[in-house]
Amino acid sequence: MQTFVTRQEIIEWRQQMRGDQKQIGFVPTMGALHQGHLALIKRACSENAEVVVSIFVNPKQFNQSADLQAYPRMLEADLALLNGLENLVIFAPDEEEMYPKDLPFSPMPLGRIGELLEGAHRPGHFEGVVHVVHHLFALIQPQKAYFGQKDFQQLAIIRLLNTYYGFGIDIIGCETVRDADGLAMSSRNLRLNAQERQNALAISRALHYVSNNTGKYPLDKVKQEARSIIEQAGLAIEYLEIVDPLTLENRSQWQQEQVCCVAAICGEVRLIDNMLCESVL
Ligand code: AMP
């Protein structure tokens, strides 16, 4: 395993890989790695000759400075977790290295998908995600890049980004990894105390409720019941919507496939999760 912190190191390594005709896989992360990240990284390792994992807490995608400050940072533990995986390059730049002052960037219009769900509640978030992923794709030039379905809307926006800037990368969406009790793994879970973690289980309970009742009762009723499951556990819902998997527009009637997307505040921690809900009808 090699660890690089400068763009120049990556550029030189990339040139060498091109000479060797090695296929590169890429997994962008913000660190505080858990089994969800590890599933992406292991899949990338099994499908590519070399894999780059970036670890960078991207200030541009945080719309609240308190959230940025509180975000867990644990590079040494992250490196220890990855130690032993072969053909792995870690790219852990600082902010100046990630965003050189003289590096131009033309923002991409996010369109309607950028206004919905996370876009409506975290102004500037996706603009920041697009900025960093654009720079990382341009620098690393992977053939394949791996993203979690846990960040469902982000994955849709990354697919747009790939087309918009013409990267031609194979974007691979990976299933959400959950703890045994259903909680979607997240670096933010580290900030939950024992009681809050218990309360947070209401999110996956609500998603399972929607998934199990898709097509059985009117959509609005199922949505209302899902909301009350979360609220009864003491969480504050930012949104709970049942949406079209491609456009992310709200559904008013069940169709074959929809995704239930939730953002809720548990204690001081904002959690998101989603589940594909297929109609039995
Ligand atoms: P983050 O470090 O939170 O920016 O996440 C880095 C990548 O890991 C993103 O593509 C996430 O969607 C993905 N990811 C985070 N949590 C999970 C999870 N529980 N299961 C699968 N992928 C995940």
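Since the structure is predicted, the reported quantities are computational estimates derived from the model, not experimental observations. (Residues numbered from 1 in each chain as written. Predicted model: local features only at pLDDT ≥ 70, side-chain atom pairs only at ≥ 80, totals over all residues. Heavy atoms only, no water.)

In this section: the domain arrangement of the chain. Put simply, an interface is often sized by how much accessible area is lost when its parts join up. Domain annotation of the chain identifies domain 1 (2–174) and domain 2 (187–275). Centre-to-centre separation of domain 1 and domain 2, based on C-alpha positions: 26 Å. Between domain 1 and domain 2, the residue contacts involve 22 residues of the former and 19 residues of the latter. Where domain 1 abuts domain 2, roughly 1,800 Å² becomes buried across the two surfaces, and 58% of that area is made up of carbon and sulfur atoms. Between aspartate 67 and arginine 191 there is a salt bridge, with its nearest N and O atoms 3.8 Å apart. On the surface where domain 1 and domain 2 come into contact, there are ten residue pairs in polar contact (both at pLDDT 80 or more). Contributing elements (two or more residues each) for the side of domain 1 that touches domain 2: helix H3 (65–70), helix H6 (118–121) and helix H8 (152–164). Residues belonging to the side of domain 1 that touches domain 2 are distributed by class as follows: ten nonpolar, six polar and six charged. (Domains from an automatic or database assignment. Contact = heavy atoms within 4.5 Å. Buried area = accessible area lost by both parts, 1.4 Å probe. Salt bridge = Lys/Arg side-chain N within 4 Å of Asp/Glu carboxyl O. Polar contact = N/O pair within 3.5 Å; in protein donor to acceptor, adjacent residues only side chain to side chain. Helix = DSSP H or I, 4+ residues; strand = E, 2+ residues; numbered from the N terminus. Nonpolar A, V, L, I, M, F, W, Y, C, P; charged D, E, K, R; others polar.)

Turning to the sheet that holds strand E5 (residues 144–148), a few remarks are in order. Spatial ordering of the open sheet is given by E1-E4-E3-E2-E5-E6, a layout of six strands whose pairing is parallel. What marks the edges here is a single partner per strand, and that holds for strand E1 (2–4) and strand E6 (170–174). Strand-to-strand twist in this sheet, taken as the mean axis angle between neighbours without regard to direction, amounts to 25 degrees. Taken together, the five bridges between E5 and E6 define a ladder with parallel strand orientation. Within E6, the position partnered with tyrosine 146 by the bridge is isoleucine 172. (Pairing = 2+ DSSP bridges. Axes fitted to C-alpha atoms, helices over the stretch in contact; angles between N-to-C directions.)

On inspection of all chains with the given rule, the structure shows eight aromatic pairs. Measuring from ring centre to ring centre gives 4.9 Å for tyrosine 164 and tyrosine 165, while their planes differ by 90 degrees; the resulting arrangement is edge-to-face. (Phe/Tyr/Trp six-rings, centres within 6.5 Å; stacked < 30°, edge-to-face > 60°.)

Next up on the list: the site of the ligand. Near the ligand there are 15 residues, and of these Met30, His37, Asp151, Val177 and Met185 occur at the shortest range. Put simply, the parts of the chain that give the shell around the ligand at least two residues each are strand E2 (24–29), helix H2 (35–47) and E5. (Near = heavy atom within 4 Å.)

This part takes up the packing of helix H9 (residues 194–213) against helix H10 (residues 219–232). How two helices sit against one another is set out by the angle between their axes and by the gap between those axes. Running from N to C, H9 and H10 cross one another at 160 degrees; their axes reach a closest spacing of 8 Å. The pairing of H9 with H10 is recorded here as roughly antiparallel in orientation. The way H9 lies across H10 gives a crossing that is right-handed. Residue-level inspection shows Ala202, Ile203, Arg205, Ala206, Tyr209, Val210 and Asn213 of H9 in contact with H10, the latter providing Val222, Glu225, Ala226, Ile229 and Ile230. (Parallel < 35°, antiparallel > 145°, perpendicular 65-115°, else oblique. Left-handed = near helix turned anticlockwise from the far one by under 90°.)

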